[in-house]
Amino acid sequence: MRRAAFGRLGRLDEAGPSVLRSRTGRWYGVLTFTIVVAISYVDRVNISVLITDNAFLDRFGLAGDRVAQGALMTIFLLGYGLAAFALTPVYETLLGVRRGLVVSVATWAVLTFVSPWIGSLFLLLAVRCLLGAAEGPLFSLKTMYVKDRFAEAELGRPNAVSSMGVSLGTAVGMPLITLLIVHSDWTTSFHALGALNALLGIPLVLLFIRPATAGDRGSGRNRAQERDADRRPEDGPIPSDRRPRGSRILLSTLVRALRTPRLGWILLIEIATLAFLWGTASWLPSYLLQERHFSAAETGWLAALPFTVSLGSGLLGGLFIDRVPQRYLPLVLVVGSVGAGACATLAVAATSATVSATALILAGGFWGLQGPAIPTLVQRNAPAGSVGSAYGVVNGVGNLVSAFMPTLMGTAIATDSGHGFAAGLSLLVVTQLITLVSAVVLLLRHRGPYAGPGRPLPSTGPAVRSAGQPTSTAG
């Protein structure tokens, strides 16, 4: 019975996206991505908790050095951003989702497990950079999977559910790592995460992310026809060779991704959203413990609550996206950025530790509301056959720029022992102002999906025919 069930899942993938859109098997893959993303984020917050542990700080000479502590996250994100930008076209055109995930998760397991045996800060930074590079293509693979298996009007919910792994991993990771440190030591956290990747992440990928066909990897006739249909007049005639290989297809995929409409504004939103995430994840435990004087046990669960709340708000954002006309999609970013910015401002200004912690929890909820909007914007705007690479550009550059947020906050915190944390948290407010401005611009400049000469509209219903033709749908 079980073998037959898995066999049906395999045939669904082989049948292509049109069949998968009508079957529930695609949701097994979505839930697998949720868990894999959660595991990756437990690993990311590991360092955020460890910089509150004196034994870890003494081991690598980090005690009292806020800038170096922030650099542990920054160097990870630099590797992550470079890999997301450079490796995603390789994954999209050559490996595919399943094999790419197996390679990535196996690498995470090895690098995490060996981290406690590293003998110097320099080597630790090098391993953190390599670990970031191994995790870089993850969200692009997730975006590719959802785009290939769900219709245009259904993208919000699978994006929201799979992105819940960010909040779930961060929410679970904070108290889990704290518990491991309190009842064992800092080395246990690395070994536990390595085992989690190997014993849970890899089996889930092998069971529920089914192998894609050649066409799904971008080299088959169907995907080639999609690329041809999306060509612009200035691209010249369609090549006679519809199966370009090697560097040609990699370069073609990347160039097409860079032509995504409204890419610059989407990129600004991604940078601001990730900067808020990395700033909060890196410094929230230290802020609660050292500035607001909560106990270690209280810090563990309080630091997890903003991301726990964002689980529900992220799902709410996905439901909203699927129920409104596409032109109003940026509204969820407007509401989320205004709410998160206002709450972060209150957290900085409050004299009461309880009020400050509550405001940060609410800020996390408003931040989570924005999560599903970014991959949905990419999926609805990127040219066919380059969705993964387009999101790789957005996620890669976004992480490269936001990688400096933990170090910038660390520098601000170190400037004044009396008001340093307030200066650091004020940078979170700036990120939400950037999101607000970019979202308003997207609302005002909406021209419809795939706008531009020679670019077909996606098939969202009988009322939509082709670019440049009138439709009966509003918005």
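*Asks:* Help me out: how do you make sense of unusual backbone geometry in this one?
*Replies:* If a residue is not glycine, its phi is most likely negative; likewise, a peptide bond is most likely trans. A positive phi angle is found at R262, which is not glycine, with a value near 60°. On the secondary structure map, R262 appears in the loop between α12 (247-258) and α13 (263-291). At H293, a residue that is not glycine, the phi angle is positive and equals roughly 60°. With respect to the helices, strands and loops of the structure, H293 is situated in the loop between α13 and α14 (296-323). Judged by relative accessible area, which is 65%, H293 ranks as exposed.

*Asks:* For this particular structure, what's the right way to read the environment of V401?
*Replies:* With respect to the helices and strands, V401 occurs in helix α18 (residues 387-402). V401 gets classed as partly exposed once you look at its relative accessible area, which sits at 43%.

*Asks:* Looking at this structure, I do not really get the packing of aromatic side chains. What am I missing?
*Replies:* The geometry of an aromatic ring pair is captured by the separation of the ring centres together with the interplanar angle, meaning the angle of the planes. Per the stated rule, a full pass over the model turns up 14 aromatic pairs. With centroids separated by 5.2 Å and ring planes inclined at 80°, the aromatic side chains of W27 and F150 adopt a geometry described as edge-to-face. On the criterion of sequence distance, the pair formed by W27 in helix α3 (residues 25-50) and F150 in the loop between α8 (138-149) and α9 (156-183) is long-range, its members being 123 residues apart. On the accessibility criterion, F150 (2% relative accessible area) is buried. Geometrically, the ring pair formed by W186 and F190 is edge-to-face, given 6.1 Å between the ring centres and 85° between the ring planes. A residue pair is termed a helical-turn pair when its members lie 3 or 4 positions apart in one helix, as W186 and F190 do in helix α10 (residues 186-208) at 4 residues. Pair check on accessibility: W186 and F190 agree, each one buried. Ring pairs connect the aromatic residues F56, F60, W186 and F190, which therefore count as one cluster. Across from the ring centre of Y41, 4.1 Å away, lies the NZ or CZ of R44, which sits over that ring.

*Asks:* What exactly am I supposed to notice about the packing of α3 against α13 here?
*Replies:* For any two helices packed against each other, the geometry is given by the interaxial angle and the distance between the axes. Viewed as axis vectors pointing N to C, α3 and α13 meet at an angle of 50°, and their least axial separation amounts to 8 Å. Here α3 lies oblique to α13, going by the angle between them. When the axes of α3 and α13 are compared, the crossing they make is right-handed. Residues Y41, R44, V45 and S48 of α3 form the contact with α13, whose own contacting residues are L277, W278, A281, S282 and P285. Residue composition of the contact of α3 with α13, by class: 6 nonpolar, 2 polar and 1 charged.

*Asks:* Would you mind going over the packing of α3 against α8 with me for this structure?
*Replies:* Put simply, α3 and α8 touch, their axes get as near as 11 Å, and they point 165° apart. As far as their axial angle goes, α8 and α3 are roughly antiparallel. α8 is crossed by α3, and the crossing has left-handed handedness. Side by side, α3 and α8 meet where G25, R26, G29, V30, F33, V36, V37, S40, Y41 and R44 of the first sit next to L138, F139, L141, K142, Y145 and R149 of the second. Across the contact of α3 with α8, the residue classes tally to 9 nonpolar, 3 polar and 4 charged.

About the cut-offs
- Residues numbered from 1 in each chain as written.
- Predicted model: local features only at pLDDT ≥ 70, side-chain atom pairs only at ≥ 80, totals over all residues.
- Heavy atoms only, no water.
- Helix = DSSP H or I, 4+ residues; strand = E, 2+ residues; numbered from the N terminus.
- Buried < 20%, exposed > 50% of the residue type's maximum accessible area, 1.4 Å probe, protein only.
- Phe/Tyr/Trp six-rings, centres within 6.5 Å; stacked < 30°, edge-to-face > 60°.
- Lys NZ or Arg CZ within 6 Å of the ring centre and 35° of its normal.
- Axes fitted to C-alpha atoms, helices over the stretch in contact; angles between N-to-C directions.
- Parallel < 35°, antiparallel > 145°, perpendicular 65-115°, else oblique.
- Left-handed = near helix turned anticlockwise from the far one by under 90°.
- Contact = heavy atoms within 4.5 Å.
- Nonpolar A, V, L, I, M, F, W, Y, C, P; charged D, E, K, R; others polar.

The values reported here are purely geometric and, on their own, carry no functional implication.
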